[in-house]
Amino acid sequence: MAELARNQQAAASRRERLVDLLRTRGNVAVTDLPGIFGVSAETVRRDLRVLEDRHEVVRAYGSVRPAESGAFETTREFRAAQFAEEKARIAREACARLGRAETVFIDEGHLPLVIGRALPTDRGLTVVTTSLPAAAELARRPGLTVVSVGGRVRPATLGVVDRWALSVLGSMEPDLAFIGANGVTEEGWLTTPDPSVAATKETAIAVSHRRIFVGDHSKFDHSTFVRFARLVDFECAITGRELPSTVARRYSALGTEVVRV
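Some remarks on the sheet that holds strand β9 (residues 176-179)
Here comes step 1: Strand order across the open sheet formed by seven strands is β6-β5-β4-β9-β12-β14-β15, with parallel pairing between neighbours. Only two strands of the sheet have a single neighbouring strand rather than two, namely β6 (144-148) and β15 (257-260). With strand direction ignored, the average angle separating the axes of adjacent strands in the sheet is 25°.
Here comes step 2: In this structure, strand β4 (residues 103-106) lies alongside strand β5 (residues 125-129), joined through four bridges in parallel fashion. Within β5, the position partnered with T103 by the bridge is T126.

And the structure:
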């Protein structure tokens, strides 16, 4: 019994160190982990299965990365490097669905910024955003009028939140909002780690005439603490073809078309 307890303690400690490593480095090749921790490949696979079941890590294409949660968000730099080609496809599809929109809300986060970069500049669009990086970059583009919403700036994303942001957004009625999330639960709830971000997104959703959800495939089947909307609140959800078609159909059955591009 004592030996079993020691083994369980060692495994728990190793898994904590593995999560800490990923949160520091970002993506790590699975084949590198046995050497890093001095254990067998089978032990690493067992550890990763446990951590996946706890929603602490995400495995894909031979690598593993930290999962976002109520206590952890990835950096802007990490997000910018993840799934760049998929996000570019999502952005093109999102912009193809502008319709007659003249005022567009751009959420905080890297994917909404990619969408902002893909917006046409020949139709006099007004862009409202809670993202300081998006405001600074898009303001230099011809043909766009940019309205930056004020408020407390979050260091992790440089997005603005709290009562100033809610007050300004509450006085607007954008034609279309592009909204992201840190996770989408199996029941179709959109989630974020920060309650203040959730409140800002809720307000943007409430005041916009049309709403489109955008998120890469890794966001699905994952919760990050605070609910702020459901997929059925959106006219569609745009993601990458990396999301399995069976998963997309399961989400579509909840009442909103899931578009894989």
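Now that the structure has been shown, the text picks up again.
Some points on the pairing of β6
Here comes step 1: Where β5 meets β6, five bridges bridge the pair, whose relative direction is parallel. In the sheet register, V127 faces β6, and the bridge partner there is V146.

Topic: the packing of helix α5 (residues 84-96) against helix α6 (residues 110-118)
Here comes step 1: Running from amino to carboxyl end, α5 crosses α6 at an angle of 55°, the nearest separation of the two axes being 8 Å. For the element pair α5 / α6, the angle class is oblique. Crossing hand, α5 versus α6: right-handed. Only H110, L111, V114, I115 and A118 of α6 make contact with α5, whose side of the interface consists of K87, A88, I90, A91, A94 and C95.
Here comes step 2: The residue makeup of the contact of α5 with α6, split by class, is nine nonpolar, one polar and one charged.

Examining the packing of helix α8 (residues 163-170) against helix α9 (residues 195-207)
Here comes step 1: Between α8 and α9, the shortest axis-to-axis distance is 9 Å and the interhelical angle comes to 5°. By the angle class used here, α8 and α9 are roughly parallel. Here α8 contributes L166, L169 and G170 to the contact with α9, which in turn contributes A199, T200, T203, A204 and V207.
Here comes step 2: Split into classes, the residues belonging to the contact of α8 with α9 amount to five nonpolar, three polar and no charged.

A word on the pattern of salt bridges
Here comes step 1: With the rule as written, the count across this model stands at 18 salt bridges.
Here comes step 2: For the salt bridge of R250 with D221, the shortest nitrogen-to-oxygen distance reads 2.9 Å. Of the two residues, R250 is situated in helix α10 (residues 245-252) and D221 in the loop between β12 (210-214) and β13 (226-230); the sequence distance between them amounts to 29 residues.
Here comes step 3: Two residues, D233 and R230, come together in a salt bridge whose shortest N-O distance is 3.7 Å.

Thoughts on the packing of aromatic side chains
Here comes step 1: Across all of its chains, the model carries three aromatic pairs by this definition.
Here comes step 2: When the ring of F213 is compared with that of F234, the centres are 6.2 Å apart and the planes differ by 70°; the resulting orientation is edge-to-face. Linking F213 in strand β12 with F234 in the loop between β13 and β14 (236-239), this pair joins segments that are 21 residues apart in sequence. One exposure class covers both F213 and F234, and it is buried.
Here comes step 3: Geometrically, the ring pair formed by F220 and Y251 is edge-to-face, given 5.1 Å between the ring centres and 70° between the ring planes. Of this pair, F220 sits in the loop between β12 and β13 while Y251 is found in helix α10, placing the two residues 31 residues apart along the sequence.
Here comes step 4: Overall, Y251 belongs to the buried group, its relative accessible area being 0%.

Quick notes on the rules
- Residues numbered from 1 in each chain as written.
- Predicted model: local features only at pLDDT ≥ 70, side-chain atom pairs only at ≥ 80, totals over all residues.
- Heavy atoms only, no water.
- Pairing = 2+ DSSP bridges.
- Helix = DSSP H or I, 4+ residues; strand = E, 2+ residues; numbered from the N terminus.
- Axes fitted to C-alpha atoms, helices over the stretch in contact; angles between N-to-C directions.
- Parallel < 35°, antiparallel > 145°, perpendicular 65-115°, else oblique.
- Left-handed = near helix turned anticlockwise from the far one by under 90°.
- Contact = heavy atoms within 4.5 Å.
- Nonpolar A, V, L, I, M, F, W, Y, C, P; charged D, E, K, R; others polar.
- Salt bridge = Lys/Arg side-chain N within 4 Å of Asp/Glu carboxyl O.
- Phe/Tyr/Trp six-rings, centres within 6.5 Å; stacked < 30°, edge-to-face > 60°.
- Buried < 20%, exposed > 50% of the residue type's maximum accessible area, 1.4 Å probe, protein only.

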